Structures are given as C-alpha cells and as structure tokens.
Amino acid sequence: MRQDDLYINKIDWISILIYATLVCIGWFNIYAAVYDEQAAKSIFDFSINSGKQLVWIGTAVLLITIIMVADYRLFENLSLVFYGIFVFFLLITPFFGKEINGQRAWFELGSFRLQPAEFAKFATALALAKFMERPSFDLSQTKYQLQAVAIIMIPVALIMLQPDTGSAMVYSAFFIMMYREGMPQRYYVLALTLIAVSLLALGIENNLYLVIAIAAVVLLIILLGKKSISRIISLSLIGVLAIGYVYSLEYVVSKLPQHQQNRIMVLFDPDLDPLGVGWNVTQSKIAIGSGGFLGKGYLEGTQTKFDFVPEQHTDFIFCTLGEEFGWTGSFVVIILFCALLIRLIFLAERQKTRFSRVYGYCVVSILLFHFMINIAMTIGLFPVVGIPLPFFSYGGSSLWSFTILLFIFIKLDSHRIQLLGRMN
Amino acid sequence: MNDKRPIVLIIAIALIGIILLTKLFLIQVADDSFLKRAERNAVQRLVDHPYRGLVYDRTGKILVYNNPLFDLMIIPKEFSVQDTARFCEIFNISKEHLIEGYTAARKYSSVKPSPLIKQISTTEFAKIQDFLIDYPGLFVTTRSVRSYPQPVAASALGYIGEISARQLERDTVKYYRQGDFVGLAGLEGFYEKELRGVKGVKYKMVNVKGVDKGSFKNGEYDTASVAGHNLTSTIDLDLQQYGEKLMGGKVGSVVAIEPKTGEILAMISAPTYDPNILTGSQFGANYMNLNRDESKPLFNRPIMATYPPGSIFKIVQSLIGLQMGVLTPNTTYACNRSLVACHNHPSPVNLFGAIRNSCNPYYHQAYRAMINREVSSNTFKDTQIGLDQWRDKVLAFGLGGPLGLDMNNEKGGSIPTSNYYDRVYGQGRWRYSTIYSLSIGQGEMMVTPLQMANLAAIFANKGYYYTPHLIKAIDGDPTGINPEYRTKREVGVDAHHFDLIQEAMAEAIYGTAARAAISDIRIAGKTGTAQNPHGEDHSVFIAFAPKDDPKIAIAVYVENAGWGGRAAASTASLMIEKYIRGEITRPALEEYVLAGKFM
C-alpha cells in the first residue's frame with residue numbers, strides 16, 4: 001500500500017497534462033477537418049472520424065490504465081520479447097498486410113486496422129534501452145555502435161519492404177538518443193554538414209557557386225586551426241569529397257523514383273507542379289497561411305473544411321489548426337510540444353537506471369522527429385513525408401503507439417526510486 | 001559524462017520551435033497572399049444578372065420583354081432513374097439524347113451540374129415541372145432572352161449580343177465581363193446603360209470539387225441585382241406594324257414624326273426581319289444570314305441611307321428665299337427650260353405656282369438670286385460667299401449633319417461647302433453655273449429619310465422642330481430623357497412665310513399626288529424623286545396632316561418605284577389615315593400599295 005502511494009505521488013502530471021491537452025486539441029481539429037456545415041453532425045457521431053477518434057482516445061485511456069497498473073519491471077524484462085513480436089509482425093506484414101496505395105503496411109482484423117510499424121517504435125526503444133543498459137556498452141566503440149545500429153536497422157529494413165519510407169525514416173530519430181548516450185560528435189557534424197550541402201546543392205541552380213563556397217570554408221578552417229600537414233591533408237580531402245558529392249548528388253537524385261524526386265524538388269519550388277506533387281504543399285500552405293494571426297475561427301476554415309488539403313485529418317491535421325486558430329493556435333501547440341519534449345529530457349536525466357534514461361530519450365527522439373518533420377512538411381520546409389503528428393493525427397495505431405511509448409516512460413519515471421541500476 | 005549534450009538537445013528543440021514559429025509567422029501574419037489564394041480556392045464569385053429593362057410603345061403596349069428559358073441541369077452523381085422510357089416520355093427526349101447528355105455530363109464532372117436539355121420554353125417547362133421532384137440530381141436554371149410579341153421595328157429596337165473584345169477594352173470601368181450580353185444596335189445599343197440595370201454578386205463557397213457549399217459569410221458581401229429601367233418608346237405599335245405591312249416587298253423607309261414633340265411615331269426600314277430571330281442560341285447563324293442577304297435587312301435605312309432630296313428641297317429654297325427677301329409670294333419667273341428641264345405647266349409662275357408645279361427653272365433663277373448677292377464684283381468670289389451664307393440657313397433645317405436622335409450610327413447627309421467646290425474645281429474656278437443643281441435638290445447634296453420627315457415636321461410647325469427621338473420616358477418619367485429632346489429648335493424663318501408654303505403643299509396633293517388625298521383629312525405634301533443612277537428612280541413623298549392642326553409629319557421613300565406621286569404618296573396617305581382615323585377607308589388604295597413590289 002505504501003509503495004502504491006509512493007509511485008502515484010511520483011507520476012509526472014505535467015507531462016500527462018500536456019499530453020491530454022494535445023489529444024483534446026487534436027480531437028477538436030479532427031472534427032473541424034471533417035466538419036460539413038450542410039450535413040452538420042455531432043463531434044460524437046461515430047460515423048465521422050471525430051467520433052471514431054473518441055473511441056481511440058477511450059481505448060488509449062484503457063491502455064494507459066493497463067500500463068500504469070502493470071508491474072514496472074515487466075517492460076524491462078519483456079523488452080526483447082516485445083521487440084521479437086513486432087519484428088515478427090513486420091516480417092509478415094509485406095505478405096499478409098492489406099494493400100493500400102501500393103503499400104502493405106496495415107494488418108486488417110475485420111473492420112479493425114493496425115499498423116505494426118507504429119508499434120515497433122516502442123518495442124525498438126525498449127530493446128535499445130535493454131541492450132544499452134549493459135555496463136560494458138559504450139557508444140564510442142565501433143562494436144557497440146554497430147550493435148545499436150543493427151537493432152534499429154532490422155525494423156527499418158522490414159518496413160522498407162512494405163514499402164513505407166516515412167515510417168522507416170522515423171527510426172533515424174534514435175540517433176538523437178544515441179547522441180545523448182555518447183555517440184561521437186563527429187558523426188553528427190558530418191551528417192548535418194551533409195544535409196546542409198545536399199539542400200544547397202539541390203536548391204542552388206549553379207553548382208559552381210557551392211563549390212567555391214565549400215573551398216572557401218575549407219580554406220578558412222585550415223587557416224584558423226593549427227597548421228599541421230595531416231590536418232591540412234584530411235581537411236582538403238573532405239573538401240574534395242564534398243565537391244564530388246555535390247556533383248554526384250544530381251546524378252543520384254535523377255536515379256530516384258520520379259515521385260520522390262518531385263517531392264524533393266517541390267520543396268524548392270512549390271509552383272513546379274502545383275496540381276500534382278506540389279498540390280499538397282501548396283494547398284497546405286494556403287490553408288495555414290490564410291489563418292492569419294488569430295485564425296478564421298473554429299469550424300470556419302474554408303480550405304480544410306472543403307477538402308482542398310488532402311489527408312487533412314491525418315498527416316496534414318496541422319493545417320486545420322493553422323487555418324482556424326492562426327498563428328496564435330500554432331504558437332500554443334508548438335510551445336506545448338517543445339515543453340513536453342524538454343520536460344521529458346528533464347525526466348530522462350533524473351532516471352537512476354540507464355535503461356529508463358535511454359528509453360526516455362528514445363521517447364523524446366521519436367516525438368521530436370514526428371513533430372518537427374510533420375509540421376515542417378505542412379509549411380513547405382521539408383518534403384512531404386507521410387508521418388503523423390503525435391496525439392493529433394486521426395488514427396488508432398498512431399494514437400495508441402504514441403500513448404504506449406509515452407506512458408511506459410511515465411510509468412518507469414514514477415518508479416525511478418525503486419529502479420536502481422548502474423549509472424554512468 | 002555528457003553533461004553538455006542534454007543542454008545541446010534542449011537548445012536544439014527550442015531552436016526547432018523557433019524556426020517553425022518564424023516560418024509560420026512569415027506565411028500566416030507577414031504574407032496575406034495565402035488569404036487571397038484561399039479565397040480564390042473556396043469562394044466563387046457569381047454574377048447575378050439583372051432583368052433587362054422592357055420597352056413599351058407610346059400607348060403602353062409592350063415592344064420588348066424578357067422571355068424566360070429553362071435549361072434542365074443534371075448532376076450525374078445524384079441522378080438516378082428507374083424507368084428510362086417513362087423519363088424520356090415525360091421530358092420529351094430520345095433515349096439516345098439522355099444517354100449522350102448523361103455521358104457528356106459525367107465526362108465533365110460527376111458533381112458539377114451540366115445542361116441536359118437546353119432552352120426549354122415556358123410551356124414545355126410547365127409540363128415537366130411537377131415531375132422534377134421524382135428525379136434526384138435534376139434541376140432547372142432560368143435565363144432570359146429578349147422577346148418581341150409583335151415581330152416589328154427590328155432596326156429601331158436593335159438587338160443584344162455577346163460583348164466584343166473591342167467593347168470590353170473600351171469599358172474602362174470594367175463593368176462588363178467576357179460573355180456578357182450588351183445592346184449592339186438600335187435602342188438596345190443606345191440605351192444600354194439604362195436598360196442593363198446593375199449586376200449583383202453572390203459569393204458562394206465551393207469545395208475542392210466545385211460542389212456548392214452555401215453562401216460566403218452568410219451573404220455579407222452579396223449584392224442584389226437591380227433590374228434595368230423600362231423605356232417608353234415614342235413608337236405607335238399599330239402604326240409601325242401597319243407601315244411594315246405596307247412596305248412589304250419593297251425597299252425603302254418610312255419615318256413618321258409627331259411635329260409638336262419630335263417623337264418618332266413609326267420608323268420603318270424595308271426590307272426588315274423578325275427581331276425574334278436575333279435572340280437566343282440562333283443569334284449567330286441568323287445574324288450571318290441577315291448580313292449576307294443582298295437586300296441588306298440589317299441596314300437601317302431611315303437613318304443610314306442618303307439620297308438627294310430632289311424636288312422637296314424646293315420648299316426649303318422657297319422659305320430661305322422668302323426669309324432673305326429675295327422671294328415674295330408674287331415673285332414670278334418664266335419656266336425657261338433652256339436653263340433646266342421641266343415638265344409641261346403654265347408659265348410664268350409665281351411662288352405658289354412654282355411649288356405646286358415643282359417648276360425647276362423657277363428655282364434655278366430664284367437660287368441664283370439667293371447666291372449671287374453681288375457683295376463682290378468677282379462672280380466667283382460672290383458665289384462662294386453666297387453659297388456659304390446660304391448653307392448656314394440650310395443647316396438650320398436639320399440638314400447637312402446628324403440630327404442626333406437616340407440611335408447610334410445616324411448619317412447626316414451632306415450640304416456642300418465652298419471648300420468642297422474649291423477642292424473639286426479649284427479656288428475661284430467655280431460659280432453659280434457650277435452649283436445650280438442644288439437649287440432643285442440635286443447635285444452634291446444628300447439627306448436621310450429621317451431628315452426629310454423632320455423637314456415635314458418643320459413645315460407643319462411653321463418654323464421649328466424638336467430633335468426626333470424614339471424614347472419619351474424612362475420608367476414612366478418624361479424628364480428622364482435627354483433635355484436636348486425637349487429643346488425647341490427654330491429654323492430661322494418667320495412663321496408667316498410658312499402660310500403660303502402650307503397652302504401650296506395642300507394644293508399640291510391634288511396636283512402631283514392625287515392618290516394621297518383623303519376626303520376629310522387635309523394633307524399637305526410634296527412629292528419628290530430621288531435620282532437613281534443604277535435604275536428606276538426612288539419614289540419620295542413628304543407630308544403632314546391635318547394641315548391646320550398637324551398631328552403627324554411623314555417621309556416615305558420607296559426605292560426603284562419611280563416618280564414620287566405613286567408608291568410613296570399612297571403609302572404616306574394610308575399611314576396618315578391609319579394614325580389619325582385608326583382605320584383605313586380606302587381598301588383599294590391599300591390593295592394597290594400592298595401589291596406593289598419594287599425590289
């Protein structure tokens with residue numbers, strides 16, 4: 001009895017409050033997205049998505065209850081079992097999944113559909129935490145780096161078979177956690193440089209300018225640092241590689257499937273194909289951009305209500321918010337997300353076990369990735385990638401998976417006193 | 001070990017939040033172009049076309065109205081029909097028509113309406129109206145076409161048609177849009193602004209497929225259309241109709257004016273056409289046919305055809321001569337046929353006799369006296385001065401330039417200036433002998449039938465006229481019309497000089513135009529012949545009646561009908577009787593005119 005009191009008192013209500021707020025705002029927005037003035041139905045009407053979402057929210061609450069009353073040791077002990085089960089599901093999905101839009105990403109049980117790739121995220125997070133808990137695990141060593149990458153790459157490879165690029169990309173978020181856990185910094189510098197150079201290479205018409213810029217930056221770094229021969233040689237080599245990369249990128253992009261090429265190029269010029277690939281981004285930006293400072297008012301958004309934005313209740317749910325609540329609404333939601341993420345980092349840092357901390361950072365990583373990419377995509381900062389906005393987007397699989405992901409960590413956090421492990 | 005890294009991550013999260021919020025600020029607050037694009041997306045501007053004004057005749061009978069036509073529209077997605085045969089029977093279409101229409105509509109859009117049956121008349125609509133409710137996905141849109149209960153006055157009323165690119169360009173206030181209908185000719189063209197009304201706008205919302213989603217902001221920005229003004233014409237429908245009947249099978253013009261007001265009672269251009277054919281979907285094809293027709297039915301002869309005035313001009317000469325003092329009732333000249341040809345009549349004649357007999361040599365001599373006033377010892381110079389002074393007096397009679405009636409494209413005819421002769425013959429190289437044909441209304445002068453009718457009105461009024469016009473009231477308000485049409489215009493000849501002229505014209509009826517005489521209505525008239533170098537001369541007659549209280553002044557032109565006393569005088573006489581008495585008592589004369597074919 002004393003123990004129960006203890007853990008109830010340790011539950012982080014701040015995170016739960018933010019979670020509940022985001023789910024509620026999301027639910028109201030789903031209603032707005034499907035709202036039809038001429039056939040006005042109640043938000044509770046089960047024939048429309050807001051009614052269905054209410055069922056998902058209700059069952060999510062059930063899941064939360066189960067997680068909170070379950071034995072906290074269960075998650076660590078069964079982490080590899082969960083991982084095994086979902087890898088197995090991912091393995092059979094390409095064969096038994098229901099084909100939708102050329103993808104086999106869904107399992108269908110009667111009228112009920114589940115997306116294993118969503119649930120594999122928390123399983124992978126648990127598995128990573130379990131592996132990294134070992135005292136010897138050190139991410140500065142190549143051996144352990146490869147182990148961690150292997151745990152991530154197994155579900156990624158299976159998801160690519162469906163193929164669902166968006167969901168697969170999400171797994172790269174684990175590198176955020178690995179950054180915290182001691183992955184050498186140079187990988188991240190390299191990766192960010194690569195992304196920057198890629199964007200510039202694709203965005204700037206004439207590669208020559210970029211080549212000159214790279215040469216100038218390399219020269220500057222050489223001149224500013226200490227001038228040892230080996231440093232000069234290695235930096236020059238990096239410069240040459242970067243220039244080679246710039247020129248090869250164009251070739252690589254031209255080898256991508258046309259729809260992916262278009263998604264990338266539309267980022268730089270949405271008017272390239274305003275009725276085709278550019279349609280989503282253009283309409284999404286119009287919807288959000290027309291919201292103004294205060295928005296058009298709840299249920300008054302014309303763009304979302306009249307279906308100008310595709311996928312507006314799932315991946316483009318942010319449009320409804322942007323249009324009807326304007327910059328103010330966007331501000332509130334973005335601040336809530338940032339607050340939740342920072343709060344979760346704070347929670348992760350106070351864990352006594354490495355398992356809990358790694359898992360906590362996995363939660364932060366995945367939520368951050370979804371939040372950042374999803375909103376960036378709706379406002380044309382990132383190519384269109386089909387991933388949902390956590391807690392907001394319509395759909396049982398995504399709401400459940402994010403709920404499970406988050407609440408396992410809240411459960412672990414509430415037991416942080418009991419969980420004593422080796423910290424490093 | 002990595003104490004800095006959580007901080008780096010927190011900073012990164014904050015940075016991401018700031019980047020997203022900045023970008024959102026840029027597109028939501030700093031840039032209003034998205035708002036406009038959103039409205040272009042979802043808000044459709046629909047023009048509510050106003051009801052075009054009606055046109056009534058002077059007695060209140062309707063000349064032009066709007067006839068509603070119905071288009072049966074189909075929304076393929078909502079449409080369903082069980083018994084196709086019954087459907088086709090009700091809507092009176094073939095099964096093929098239904099299938100074709102449905103397929104075409106489906107091809108265009110399954111959710112947007114397309115026309116299934118076009119231009120259903122009111123009577124046909126009444127038959128199908130009750131069945132519409134049985135078939136979902138069908139509805140009716142109304143539009144209206146101009147319609148004419150009596151197929152008359154086509155050239156006066158004009159027609160409407162789609163606005164041309166050039167008209168759109170000139171429309172600097174941007175009232176019109178591509179595809180709008182505007183008055184293109186006749187009253188429709190001249191009174192376009194009055195007739196068109198004010199367009200309304202409705203903003204309605206549509207979804208991505210173009211499906212109607214109700215009004216925008218509850219119609220806050222919608223404006224209702226305002227119907228056009230109704231015009232009351234000066235035309236007398238019965239007289240117009242009768243005149244067109246008389247002119248059947250002939251080429252020419254009839255213009256009848258109420259002298260006291262300048263109101264045009266009838267304006268007939270022959271050959272004419274049924275104005276109903278230049279409406280609706282057949283406009284294009286019918287217009288082409290009319291345009292190609294060699295008898296030029298679209299040519300509005302009363303105001304566009306010009307002819308030499310001929311003998312009728314002698315009355316103007318007489319009046320100018322009297323006013324100048326060059327002529328008196330007792331001025332006598334011999335009928336000297338060596339000057340200019342004439343016909344057999346007693347000679348010499350005084351002014352009265354000259355009008356009565358239409359004596360050419362009389363006017364040759366009288367005109368010389370008017371022109372050569374011996375203000376200059378140089379006969380060339382003297383003629384030049386005389387001509388220009390004389391011309392000014394002629395212009396006061398409404399000749400030599402458009403009168404300015406309320407129709408576009410009115411021709412003004414011409415009265416030559418001294419400059420004209422200078423150009424043709426060289427300065428100082430022409431004199432009276434060069435221009436003497438002007439004395440008898442021949443040579444380098446041209447007038448329109450409208451100007452001739454106006455002359456008749458001037459003679460009737462003893463020296464003044466009101467600019468002839470076709471519209472007397474706008475929305476029943478006579479002050480609504482241009483004040484120019486209510487301004488009395490003096491011709492500069494004293495009223496008492498007209499007494500002799502009127503007497504002579506009344507007498508002339510019994511001489512040159514005996515057919516025109518009506519037993520109990522005194523007609524004053526003058527025959528004329530417009531020379532036609534291409535064939536038989538044109539028959540011309542002007543008149544007013546009753547002589548002592550003129551109610552109607554008229555000019556009749558019948559092309560290729562020979563001397564004025566025949567076709568033209570008979571027609572004028574019948575018109576006068578029709579207008580004053582309301583019925584025809586001389587069926588034989590009517591028969592004679594109707595039988596005349598001078599094409």
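As the structure is a prediction and not an experimental result, all values here were calculated from the model. (Residues numbered from 1 in each chain as written. Chains lettered and ligands numbered in written order. Predicted model: local features only at pLDDT ≥ 70, side-chain atom pairs only at ≥ 80, totals over all residues.)

> Go over the overall build of chain B with me, naming the residues and quoting the values.
In terms of helices and strands, chain B carries 22 helices and 18 strands. Sorting the 599 residues of chain B into buried and exposed places 41% on the buried side. In chain B, 70% of the contacts between residues at least 6 apart in sequence involve partners at least 24 apart. (Helix = DSSP H or I, 4+ residues; strand = E, 2+ residues; numbered from the N terminus. Buried ≥ 20, exposed ≤ 12 C-beta atoms within 10 Å, placed from the backbone. Contact = placed C-beta atoms within 7 Å.)

> Quick one: what's the story with the overall build of chain A, residue by residue and with numbers?
For chain A, the helix and strand inventory stands at 18 helices and three strands. A buried classification covers 44% of the 424 residues belonging to chain A. Residue pairs in contact within chain A that sit at least 24 positions apart in sequence constitute 68% of those at least 6 positions apart.

> Before we move on, can you summarise the environment of A:Arg350 with the specific residues and values?
Residues and elements named next belong to chain A. Mapping Arg350 onto the fold places it in the loop between helix 16 (317-349) and helix 17 (354-378). Taking the C-beta count within 10 Å as the criterion, Arg350 has 13 such neighbours and is therefore assigned partly exposed. Separated by 63 residues in the primary sequence, Arg350 and Asp413 have C-alpha atoms spaced 8.4 Å apart.

> Can you tell me about the interface of chain B and chain A, naming the residues and giving the values?
Interfaces are often sized by the accessible area lost when the parts come together. Contact residues are listed per partner, giving 31 residues for chain B and 38 residues for chain A. The greatest single-element share of the side of chain B that touches chain A, amounting to 16 residues, is contributed by helix 1 (residues 4-30) of chain B. Residues belonging to the side of chain B that touches chain A are distributed by class as follows: 20 nonpolar, six polar and five charged. (Nonpolar A, V, L, I, M, F, W, Y, C, P; charged D, E, K, R; others polar.)

> Break down the nonpolar core for me, citing the residues and quoting the values.
Nonpolar side chains in soluble globular proteins tend to end up buried together. Residue and element names in this part refer to chain B. Ranked by internal contacts, the top residues of the largest apolar core, which has 125 residues, are Ala256, Ala453, Ala456, Ala543 and Ile554. Per-element accounting of this core gives the leading share, nine residues, to helix 19 (residues 449-461). When neighbours within four sequence positions are excluded, Ile554 is seen to be in contact with Val254, Val255, Ala256, Ala453, Ala456, Ile542, Ala543, Ala572, Met575 and Ile576. (Core = buried A, V, L, I, M, F, W, Y, C linked by C-beta atoms within 7 Å.)

> Give a description of the packing of helix 6 (residues 116-132) of chain A against helix 18 (residues 396-414) of chain A that names residues and reports values.
All names here are of chain A. At their nearest, the axes of helix 6 and helix 18 sit 8 Å apart, and the two run at 15° to each other. With respect to helix 18, the element helix 6 is oriented roughly parallel. In this structure, the crossing between helix 6 and helix 18 has a hand that is right-handed. Within the contact between the two elements, helix 6 uses Glu118, Phe119, Lys121, Phe122 and Ala125 and helix 18 uses Ser397, Ser398, Ser401, Ile404, Leu405 and Ile408. For the contact of helix 6 with helix 18, a count of residues per class yields six nonpolar, three polar and two charged. (Axes fitted to C-alpha atoms, helices over the stretch in contact; angles between N-to-C directions. Parallel < 35°, antiparallel > 145°, perpendicular 65-115°, else oblique. Left-handed = near helix turned anticlockwise from the far one by under 90°.)

> Describe the pairing of strand 12 (residues 263-270) of chain B, listing the residues and the values that go with them.
The side chains of a regular strand alternate between both faces of the sheet. All names here are of chain B. Of all eight residues that make up strand 12, eight are buried, and the element is covered over most of its length. Judged from the seven bridges that link them, strand 11 (residues 252-258) and strand 12 form a sheet pairing that is antiparallel. When the sheet's bridge partners are listed, Ile257 is paired in strand 12 with Ile264. Here strand 11 hands over to strand 12 after four residues, with Gly262 in that stretch at a positive phi of 80°. (Pairing = 2+ DSSP bridges.)

> Can you tell me about the sheet that holds strand 1 (residues 43-48) of chain B, naming the residues and giving the values?
Residue and element names in this part refer to chain B. Ordered in space as 1-8-9, the three strands form an open sheet in which the pairing is antiparallel. Strand pairing shows two members of the sheet lacking a second neighbour, strand 1 and strand 9 (212-215), which therefore form its edges. Direction aside, the axes of adjacent strands within the sheet are offset by 40° on average. The pairing of strand 8 (residues 200-206) with strand 9 spans two bridges and is antiparallel. When the sheet's bridge partners are listed, Val206 is paired in strand 9 with Asp212.

> Break down the sheet that holds strand 16 (residues 524-530) of chain B for me, citing the residues and quoting the values.
Residues and elements named next belong to chain B. Strand order in the open sheet made by the five strands is 12-11-18-17-16, with antiparallel pairing throughout. Two strands lie at the open edges of the sheet, namely strand 12 and strand 16, each paired on one side alone. Across the sheet, the axes of successive neighbouring strands diverge by a mean angle of 10°, strand direction being ignored.

> Go over the packing of helix 10 (residues 185-203) of chain A against helix 12 (residues 229-255) of chain A with me, naming the residues and quoting the values.
All names here are of chain A. The contact between helix 10 and helix 12 brings their axes to 10 Å, and the two run at 60°. For the element pair helix 10 / helix 12, the angle class is oblique. Once helix 10 is placed against helix 12, the crossing between them reads as right-handed. Residue-level inspection shows Val197, Ser198, Ala201 and Leu202 of helix 10 in contact with helix 12, the latter providing Ala242, Tyr245, Val246, Leu249 and Val253. Looking at the contact of helix 10 with helix 12 residue by residue, the classes come out as eight nonpolar, one polar and no charged.

> Please give an account of unusual backbone geometry that cites residues and values.
All names here are of chain B. Omega for the peptide link from Ala270 to Pro271 comes to -5°, which places this bond in the cis form. Backbone torsion omega between Ala545 and Pro546 reads -15°, so that peptide bond is classified as cis. With respect to the helices and strands, the residue Pro546 is situated in the loop between strand 17 (538-545) and strand 18 (552-558). Phi at Lys174 is positive, roughly 60°, even though this residue is not glycine. Residue position: Lys174 is located in the loop between helix 7 (165-170) and strand 7 (181-183). The class for Lys174 is exposed, based on 7 C-beta atoms found within 10 Å. A positive phi angle, close to 60°, is found at Lys462, a residue other than glycine. With respect to the secondary-structure elements, Lys462 resides in the loop between helix 19 and strand 13 (464-466).

> Could you give an account of helix 16 (residues 379-395) of chain B, with specific residues and numbers?
Given 3.6 residues per turn, any residue in an α-helix points the same way as the ones three and four places further on. All names here are of chain B. Compared with an ideal rise of 1.5 Å per residue, which puts 17 residues at 24 Å, helix 16 spans 24 Å between its outermost C-alpha atoms and is within 8% of the ideal. Looking only at helix 16, the buried set comprises Thr383, Gln384, Gly386, Leu387 and Trp390. On the buried face of helix 16, the contacting elements are helix 13 (313-324), helix 15 (360-371), helix 17 (418-425) and helix 18 (432-435). (Expected span 1.5 Å × (residues − 1).)

> An account of the UniProt feature "transmembrane region" (unreviewed entry) in chain B is needed here, citing residue identities and associated values.
The UniProt record marks residues 7-27 of chain B with the feature "transmembrane region" (unreviewed entry), using the residue numbering of this structure. Helix makes up 100% of residues 7-27 of chain B and strand 0%, with an end-to-end C-alpha separation of 30 Å. (UniProt positions renumbered as here; feature names shortened; annotations may be inferred.)

> Provide a residue-level description of the confidence of the model for chain B, including the pertinent values.
Across chain B, the average pLDDT comes to 88, with 99% of residues at 70 or higher. We note a pTM of 0.66 for the whole complex and an ipTM of 0.90 for its interfaces. (pLDDT = per-residue confidence, 0-100.)

> Before we move on, could you go through the environment of A:Lys411 and cite the residues and values that matter?
All names here are of chain A. On the secondary structure map, Lys411 appears in helix 18. By C-beta crowding, Lys411 is classed as buried, having 21 other C-beta atoms within 10 Å. Remark: the alpha-carbon pair of Lys411 and Phe75, spanning 336 residues in sequence, is separated by 9.7 Å. What Lys411 contacts, discounting residues up to four positions off in sequence, is Ile67, Met68 and Tyr72.

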